[in-house]
Amino acid sequence: MKGKLGSGGWANTHKTLAEIRLPFIVLSMAQHVQPSKIPAERDFTAGMTRSMSCSFVGTTGERTLDDKIMALANEIEDDGNPCLLAEMITTAVRIARGRVSESNFKLMNRALKEMRVSEEVFHPYRNCRKVAIYGSARTKPEEPEYQTAVQFARRMREEGFMSVTGAGPGIMAAGNEGAGRDDSFGLNITLPFEACANEFIAGDPKLIDFNYFFTRKLAFVKEVDAAVGCPGGFGTMDEIFEALTLIQTGKATVYPIVLLDAPGGTYWKFWNQFIQEHLQRLKLISDHDFALFKVTDDVEVAVAEITGFYRVFHSYRYVGDKLVIRLRQDLSEEHLSRLQLEFADIVKSGSMELCGSLPDEEDEPELLGLPRLVFRHRRGSFGRLRLLINAINEA
C-alpha cells in the first residue's frame, strides 16, 4: 500500500496500518501477567541516547535537498523530534549515493525494518517485566534441563514476568511452554535447518522473524529485565557473553543474569570454573564482575535472584554525569550512611543524596513520584554498581 507524502498522507497511511495490527497484539495479552503500576524503564542505554540536536542532522551535500528533507520531516513528524527523522533520511540518501554495494544497502534496509517490527510488537507490553531464556535447541522434552526451563518460566509467570525465547525447539520451546502462549514472545531466526517456530509460539502475534542475529540479539538485550541461560551450545554462549559484555562495559543497564542448570547438573559449574581459572586468575576480568551473574541448579534460587533485584530498586538512568537510581520505597538515613561508606569508591565526587525526580526526567512522567538515590558515578566497575543495587534491596 502506498500513501502520498503531501498533506501528511504517508504518515496517516502508516498510522492506519499500525492501528490495524495493534488490536490483534493487545488481545493476546494474558490476564495473569499485567502491566506494572509503576512502568518499567525501557531505555536499555540508561539515558545515554536521549539528547538530540538539529545541529547533528548532517548534510547530503546539497543545501536545497537538505532543506527539502527538513521540511518533509517537519510535515511527517508529529512527536516533536523532526531532526531525528531528518537525520535518518539524510543517512539513507548518503547510503544510496555513496560507495555502498547493493547487498550492503539491502542489509542496512532489512536490519532497520527488523528493528521497526520488533519495536511495534513489544510496544504494547513495554510496562511488563520480561525475562530472556537462552539454551540449546537440541534439548529433548524428556531431559531434565528441558523440564527445569519449563518450571522456571512457569514460576516467572507466577511472579508477573513474561518470557522471551528464541522461538525454536529445545530450551526455547520449554520457555514458551512454561510461560504459556499469552505470556511469552518468540524471536525466531531464519536458518536453513530450523525453519519454523515451536508449537507453543507459532502463529502468535508476539512471534517476530529475524534474518540477522545482531538485530535479534539487540531485541533480546533491550526488551528484557533479566536473562537466564540454560545449558546450550555456541549460540547460548554468544547470547550470555553478549549480555555480560554490554553490562560490564556500561553499554546496557545492569540486570540479573542467572545461569540455571538442572538439579545436580554441572554445565554452568564447569563454565564458572573456566571463568575463574582462565579469566580471573589472569586478571582479564575483575573480581567484581562475578556479581554480574549467578550460577545455580535451583529454580527457586533463580527466581529469587531476579525478583529480589526489583524489591526496592526500580531502574536507573544518567542525567549528565549523575546516576539517578529510582526506588520503590524510601531509604532510611542510616541505610544511606552505610551505602556511602561501603560504596565510596564508585562516587566520582560529592556524596550520595536522597531526593525526588530531577528536572531532566520530565520525559518520564509515570516515574516522577518515585524517590531517588543520586550521585556522580565513577563508571569503572559495573559489578560494583550491581553490588550497590543488592545493598539497596536489603532495605
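**Q** What am I meant to see in unusual backbone geometry here?
**A** The bulk of non-glycine residues show a negative phi, and the bulk of peptide bonds are trans. Unusually for a residue other than glycine, A167 sits at a positive phi of about 75 degrees. Look at A167 and you get buried, because its relative accessible area is 0%.

**Q** Even after reading the chapter, I still don't get helix α4 (residues 102–122), so can you show me in this structure?
**A** An α-helical segment advances 3.6 residues per turn. Residues three or four places apart therefore align on the same side. An ideal rise of 1.5 Å per residue puts 30 Å on 21 residues; α4 measures up with 30 Å between its terminal C-alpha atoms. Taken as a whole, α4 has its buried residues at A111, E114, S118, V121 and F122. Along α4, the residues classed as buried sweep out an arc of 95 degrees about the axis, all on the same side. Exposed and oriented more than 90 degrees from the buried face of α4 are E102 and K106.

**Q** Honestly, the sheet that holds strand β2 (residues 162–165) in this entry has me stumped. Any pointers?
**A** Within a sheet, neighbouring strands are paired by backbone hydrogen bonds and run either parallel or antiparallel to one another. Read from one edge of the open sheet, 7 strands run β4-β3-β2-β1-β5-β6-β7, paired in parallel fashion. Of all strands in the sheet, those with a lone pairing partner are β4 (207–210) and β7 (294–296), marking the two edges. Going across the sheet, the axis of each strand differs from the next one's by a mean of 20 degrees, ignoring polarity. Of the strands in this sheet, β1 (130–134), β2 and β3 (184–189) touch helix α6 (residues 171–179), which is tilted by about 160 degrees from β2.

**Q** Would you take a moment to explain the packing of helix α7 (residues 213–223) against helix α8 (residues 234–248) for this structure?
**A** Each pair of packed helices can be summarised by the angle the axes make with each other and by the distance between the axes. It is at 11 Å that the axes of α7 and α8 come closest, and there the two elements cross at 55 degrees. Relative to α8, α7 is oriented oblique. Relative to α8, the crossing made by α7 is right-handed. On the side of α7, the interface is formed by R216, K217, F220 and V221, while α8 contributes D238, E239, E242 and L246. A class-by-class count of the residues in the contact of α7 with α8 yields 3 nonpolar, no polar and 5 charged.

**Q** Teacher, can you tell me more about the nonpolar core here?
**A** Membership of the largest hydrophobic core comes to 87 residues, with the highest contact counts inside it found for F152, I257, I325 and L388. Not counting residues within four places of it along the chain, the set of residues in contact with F152 comprises V131, I133, V228, L260, V299, A302, V303 and I306. Core analysis: the next-biggest nonpolar cluster, separate from the first, contains 7 residues, L65, I69, A86 and V93 among them.

**Q** Just checking my understanding: could you explain the pattern of salt bridges for this structure?
**A** Pairs can form between side chains of opposite charge once their charged atoms are near each other. Scanning the entire structure with this criterion turns up 27 salt bridges. Between R155 and E158 there is a salt bridge, with its nearest N and O atoms 3.0 Å apart. Remark: E158 and R155 occur in helix α5 (residues 144–158); sequence separation between them is 3 residues, near one turn of the helix. Among the residues examined, E158 registers a relative accessible area of 47% and is labelled partly exposed. Overlapping salt bridges bring together R317, R326, E361, D363, E364 and R372 as one network.

**Q** Can you walk me through the sheet that holds strand β9 (residues 322–327) in this structure?
**A** The strand order across the open sheet built from 4 strands is β8-β9-β11-β10, with neighbouring strands paired in antiparallel fashion. With partners counted over all chains shown, the strands left at the sheet margins are β8 (313–319) and β10 (353–355), one partner each. The mean angle between the axes of side-by-side strands here comes to 25 degrees, regardless of whether they run parallel or antiparallel. Direction of pairing for β10 relative to strand β11 (residues 372–376): antiparallel, over a ladder of 3 bridges. Within β11, the position partnered with C355 by the bridge is R372.

Conventions and cut-offs
Residues numbered from 1 in each chain as written. Predicted model: local features only at pLDDT ≥ 70, side-chain atom pairs only at ≥ 80, totals over all residues. Heavy atoms only, no water. Buried < 20%, exposed > 50% of the residue type's maximum accessible area, 1.4 Å probe, protein only. Helix = DSSP H or I, 4+ residues; strand = E, 2+ residues; numbered from the N terminus. Expected span 1.5 Å × (residues − 1). Arc of directions from axis to C-beta. Pairing = 2+ DSSP bridges. Axes fitted to C-alpha atoms, helices over the stretch in contact; angles between N-to-C directions. Contact = heavy atoms within 4.5 Å. Parallel < 35°, antiparallel > 145°, perpendicular 65-115°, else oblique. Left-handed = near helix turned anticlockwise from the far one by under 90°. Nonpolar A, V, L, I, M, F, W, Y, C, P; charged D, E, K, R; others polar. Core = buried A, V, L, I, M, F, W, Y, C linked by side-chain atoms within 4.5 Å. Salt bridge = Lys/Arg side-chain N within 4 Å of Asp/Glu carboxyl O.

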